[in-house]
Amino acid sequence: MDANGITTSVLSISSPGVHFGDDARAAALAIRVNDFAAEVCAEHPDRFDFFATLPLPAVDASLAEAIRGLDELGAVGVAVGSNAQGAYLNNAQNAELWRELDSRGATVFMHPQSPAGWELTSLDLPRSMIEFLFDSTRSVIALALDGTFETYPGLQLVVPHCGAMLPLVADRVDLFQKRMLPAAPYPAGSKRVASETLRDLWYDLAGTPMPTQASALVNLVGDSHVLFGSDHCFAPPALVAEQIASLDEQWRERIGGDWRELTTANAVRLLRHS
């Protein structure tokens, strides 16, 4: 952080999360992880905040841990996976959790997970290379098309990796939504196509924002909801430094303005703290 000019980081758990098939053990691990994160933040209050990890698909335990994390531990939001044991975020069983988070205007950080059947689709490549991007995209499109964001407008969803594949597929989803989806192509009470809904979400710049992805994202959703994400520690320090250098060198020329000032101001506005 010091080497790259980062004053404050928000800690979160990456894939595979805390659920490995047993609800009770997942709940216990989420508690342990969140207690540790809260301790780190208490020891370094000017340097760290955290998103409370939720043990989905254990919904009751996730609801309890969201409330505990936000109310007792001081989390600035919650962290979930793009899918939980194959159940995507638009699953009806999550309704009570979304209602609670919606009522709080809570920040929900989503990290991609490996999709069911990845063994057949990953081509023996690292899952984080392309499978993660496709799974984030799949999860967000499901939420955009089924009316979740209209039903729970207070949810502040953060999409990782520069919007994953969303900048490339948004027009195609709009076309299918307007022309080819049967019966009710729009969420109840809305006439918005998916690309319009995507403008309400938040996006971090983790991964490979330059030279292509960040421009495509800003072209789709604007820059008022763009945040910085490092992908550390799965991205080692050298790769984080390389990512930041590319932003320092190319953002102003390709997009305009100071990306550090922009993402800092956006993060403060989202997380309601300075």
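Residues numbered from 1 in each chain as written. Predicted model: local features only at pLDDT ≥ 70, side-chain atom pairs only at ≥ 80, totals over all residues. Heavy atoms only, no water.

### Brief notes about the pairing of strand β7 (residues 156-159)
Now for step 1: Judged by which residues are buried, β7 turns out to be covered on both faces: Gln156 and Val158 on one side and Leu157 and Val159 on the other are all buried.
Now for step 2: Inspection of the sheet shows strand β6 (residues 107-111) paired to β7 by three bridges, in the parallel sense. Considered in β7, the bridge of Phe109 is made with Val158.
Now for step 3: As judged from the two bridges shared by β7 and strand β8 (residues 202-204), these two strands associate in the parallel manner. Within β8, the position partnered with Val158 by the bridge is Trp202. (Buried < 20%, exposed > 50% of the residue type's maximum accessible area, 1.4 Å probe, protein only. Helix = DSSP H or I, 4+ residues; strand = E, 2+ residues; numbered from the N terminus. Pairing = 2+ DSSP bridges.)

### Some points on the sheet that holds β6
Now for step 1: Spatially, the seven strands line up as an open sheet ordered β1-β2-β3-β6-β7-β8-β9, and their pairing is parallel. Two strands close off the open sheet at either side, each with one partner strand: β1 (9-11) and β9 (226-227).
Now for step 2: The pairing of strand β3 (residues 77-81) with β6 spans four bridges and is parallel. In the sheet register, Val78 faces β6, and the bridge partner there is Val108.
Now for step 3: Most of the contacts of helix α5 (residues 131-146) go to β6, to which it runs at about 140 degrees, and overall it touches β6 and β7. (Contact = heavy atoms within 4.5 Å. Axes fitted to C-alpha atoms, helices over the stretch in contact; angles between N-to-C directions.)

### Some thoughts on the packing of helix α10 (residues 237-254) against helix α11 (residues 259-271)
Now for step 1: Orientation of α10 relative to α11, taken along the N-to-C sense of each, is 115 degrees, at an axis distance of 10 Å. When the axis of α10 is compared with that of α11, the two are roughly perpendicular. Seen from α10, the contacting residues are Ile244, Leu247, Asp248 and Trp251; seen from α11, they are Trp259, Arg260 and Leu262.
Now for step 2: Split by residue class, the contact of α10 with α11 holds five nonpolar, no polar and two charged. (Parallel < 35°, antiparallel > 145°, perpendicular 65-115°, else oblique. Nonpolar A, V, L, I, M, F, W, Y, C, P; charged D, E, K, R; others polar.)

### Concerning the side chain of His111
Now for step 1: Turning to its location among the elements, His111 is positioned in strand β6.
Now for step 2: Within the structure, the side chain of His111 is placed 3.1 Å from the side chain of Ser14, a separation counted as a polar contact.
Now for step 3: With residues near it in sequence (within four places) discarded, His111 still touches Ile13, Ser14, Ser15, Val80, Gly81, Ser82, Phe132, Pro160, His161 and Asp231. (Polar contact = N/O pair within 3.5 Å; in protein donor to acceptor, adjacent residues only side chain to side chain.)

### With respect to the pattern of salt bridges
Now for step 1: Summed over all chains, the structure comprises ten salt bridges.
Now for step 2: Taking the shortest distance from any N to any O, the salt bridge between Asp135 and Arg138 comes out at 2.7 Å. Of this pair, Asp135 and Arg138 both sit in helix α5, three residues apart, which is roughly one turn of the helix.
Now for step 3: Here Arg138 falls in the partly exposed class, since its relative accessible area comes to 40%.
Now for step 4: Linking Asp248 and Arg260 is a salt bridge whose minimum nitrogen-to-oxygen distance equals 3.1 Å. You can see Asp248 sitting in helix α10 and its partner Arg260 sitting in helix α11, a full twelve residues away along the chain.
Now for step 5: Residues joined in a network through salt bridges with shared partners are Asp35, Glu65 and Arg68. (Salt bridge = Lys/Arg side-chain N within 4 Å of Asp/Glu carboxyl O.)

Everything listed here is a matter of coordinates, which is why it stays silent on function.
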